[in-house]
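Each chain, letter by letter, is given below.
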Amino acid sequence: MKFYCKRLLGIAAAITVALLADTAAQAAEFPLPVAGTNMVGQLQVVIARQQDTLLDIARHYDVGYNEIREANPGVDPWLPGTGTRVVVPTRYILPPPPWQGIVIDIPARRLYYFPAGKKVVYTYPIGIFRPKWPDPLGSTRIIAKVKNPSWTVPKNIQEEHAKAGEPIPAYFAPGPDNPMGELALETGWSQIFIHGTNKPWGVGMRVSHGCFHVYPENEVQLFSMVKVGTPVRSIDEPYLVGSDGDGHLYLQAFAPIEAYKSELSPQQRAVNAIVQYQRGMATSVVVNWQRVINLVQKPNTVPTGIDVSAPSLEQVVTALPAQSYAFAPYGDDANQATPPPAHQGSAGPK
């Protein structure tokens, strides 16, 4: 199958990475977990104001649309409402080792970057492929770094948009309206890039024709850190199992991607992931299998305790102190490929 996310080199970068980095928000950075654990970050709760949307809150905390929606079932994404407690799912179970270079878990719609020689991990939400445009699974490398790419739109993509009543030009010049963003990392997979986007609110959704979309401000940081030759691994892991040293076992569940057909049922895949992880645990725990079934049937992007002694997610969330959210909405001007000014305010740690 042919994958399209074509770019043309040519126009020199009018906006340098250094200038962009001055205004870019930083992605979530965490120290690698201690031996025997594989979780990073902490769950947070913020109080929404009248002008806030879930998408604004998600973007500020480097969370994707899918993550913020599933962590807040029943909350209107556009009008959460004044005083609404919004769960910010900034706790993550890391993908299975090896923790090297870039690892993309496609069902989780999240990218992890493990820089060589450093005991940290950076993680970014991503937009993934639309149905019928699946990305390959496996390993490759970053083969080029492109500033201000242009994009010649393949005819089949033009036709697809026209049929949907959303016609697009045959060519996008470099700049803030380019769907490829202003910075792009080219992978060894044919015409597949990790790049910014002129529609950042689509991060966490299924929006691309093969590429991986990140928030423009996240692409600035990723672009500055990643070197040509960095390994890239894409995986199909909808059920991540982990522990953080508190004695509990956790499951992070995502909806399986239909393009990656499996002979196993979703429930069996979750069971297999749990059993495999338990084999490496120093202390065994008794699993609450009903809670596992519930998570498979209704995925929640928040790591949830699944052993019999673990509190429910509702109990965990209720016990969390809520922080005020004091950041201005991103606004219409931020719906382009140019990174917005750094979000100013005092909503607590990112």
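Residues numbered from 1 in each chain as written. Predicted model: local features only at pLDDT ≥ 70, side-chain atom pairs only at ≥ 80, totals over all residues. Heavy atoms only, no water.

**Structural notes on the packing of aromatic side chains**
- On inspection of all chains with the given rule, the structure shows eight aromatic pairs.
- Ring centres of Y61 and Y325 lie 6.3 Å apart, and the angle between their planes is 40 degrees; on these two criteria the pair is classed as tilted. In this pair, Y61 sits in the loop between α2 (54-60) and α3 (65-71) while Y325 sits in the segment after β21 (323-324), placing the two residues 264 residues apart along the sequence. Here the two residues Y61 and Y325 agree in accessibility, since each one is buried. (Phe/Tyr/Trp six-rings, centres within 6.5 Å; stacked < 30°, edge-to-face > 60°. Helix = DSSP H or I, 4+ residues; strand = E, 2+ residues; numbered from the N terminus. Buried < 20%, exposed > 50% of the residue type's maximum accessible area, 1.4 Å probe, protein only.)

**Details of the nonpolar core**
- Residues I102, I104, I106, L111, I194 and L222 are the most contacted members of the largest nonpolar core, which totals 36 residues.
- For this core, the secondary-structure elements that each account for two or more residues are β6 (101-105), β7 (110-114), β8 (120-125), β9 (128-129), β10 (138-147), β13 (183-187), β14 (193-195) and α5 (216-225).
- In contact with I104, other than residues within four places in its own chain, are R110, L111, I126, I194, F212, V232, R233, S234 and I235. (Core = buried A, V, L, I, M, F, W, Y, C linked by side-chain atoms within 4.5 Å. Contact = heavy atoms within 4.5 Å.)

**Remarks on helix α7 (residues 289-297)**
- Every buried residue belonging to α7 is among R291, V292, L295 and V296, and all of these are buried. When α7 is viewed along its axis, its buried side chains cluster within an angular range of 140 degrees and face the same direction.
- Residues of α7 that are buried in the fold lie against β18 (239-242), β19 (250-253), α6 (266-279) and β20 (304-305).
- At the N-terminal end of α7, a side-chain oxygen is found 3.2 Å from the backbone nitrogen of Q290, two or three residues along, and the residue is N288. (Arc of directions from axis to C-beta. Polar contact = N/O pair within 3.5 Å; in protein donor to acceptor, adjacent residues only side chain to side chain.)

**Quick notes on the pattern of salt bridges**
- Per the stated rule, a full pass over the model turns up six salt bridges.
- Linking R59 and E217 is a salt bridge whose minimum nitrogen-to-oxygen distance equals 2.8 Å. Here the residue R59 occupies a position in helix α2, and E217 occupies one in helix α5, the gap between them amounting to 158 residues. Both residues of the pair, R59 and E217, belong to the buried class.
- The salt bridge partner of R110 is E67, with a shortest N-O separation of 2.8 Å. Taken as a pair, R110 in strand β7 and E67 in helix α3 lie far apart in primary sequence, 43 residues in all. An identical accessibility class is assigned to R110 and E67; each is buried. (Salt bridge = Lys/Arg side-chain N within 4 Å of Asp/Glu carboxyl O.)

**Some details on the environment of T123**
- Within the secondary structure layout, T123 lies in strand β8.
- Overall, the relative accessible area of 1% leaves T123 in the buried class.
- Between the C-alpha atoms of T123 and Y112, which are 11 residues apart in sequence, the distance is 4.4 Å.
- A distance of 3.2 Å separates a polar atom in the side chain of T123 from the backbone oxygen of L111.

**Structural notes on the pairing of β10**
- Where β10 lies against strand β17 (residues 231-235), four bridges are found, and the strand directions are antiparallel. Looking at the pairing, S139 lines up with R233 of β17.
- Sheet analysis places β10 next to β13, joined by five bridges and oriented antiparallel. Residue pairing across strands places K147 opposite L183, the latter belonging to β13. (Pairing = 2+ DSSP bridges.)

**What about the packing of α6 against α7?**
- Their axes nearest at 10 Å, the elements α6 and α7 cross at an angle of 130 degrees. Our classification of the angle between α6 and α7 gives oblique. Viewed along their axes, α6 and α7 form a crossing whose handedness is right-handed. Residue-level inspection shows P266, Q267, A270, V271 and I274 of α6 in contact with α7, the latter providing W289, V292, I293 and V296.
- Looking at the contact of α6 with α7, its residues break down into eight nonpolar, one polar and no charged. (Axes fitted to C-alpha atoms, helices over the stretch in contact; angles between N-to-C directions. Parallel < 35°, antiparallel > 145°, perpendicular 65-115°, else oblique. Left-handed = near helix turned anticlockwise from the far one by under 90°. Nonpolar A, V, L, I, M, F, W, Y, C, P; charged D, E, K, R; others polar.)

**Quick notes on the sheet that holds β18**
- Strand order across the open sheet formed by three strands is β18-β19-β20, with antiparallel pairing between neighbours. Of all the strands in the sheet, the pair left with one neighbour each is β18 and β20.
- Pairing geometry for β19 and β20, over two bridges, is antiparallel. Bridge pairing in β20 places L251 opposite T304.

Treat this as a map of the structure, not an account of what it does.
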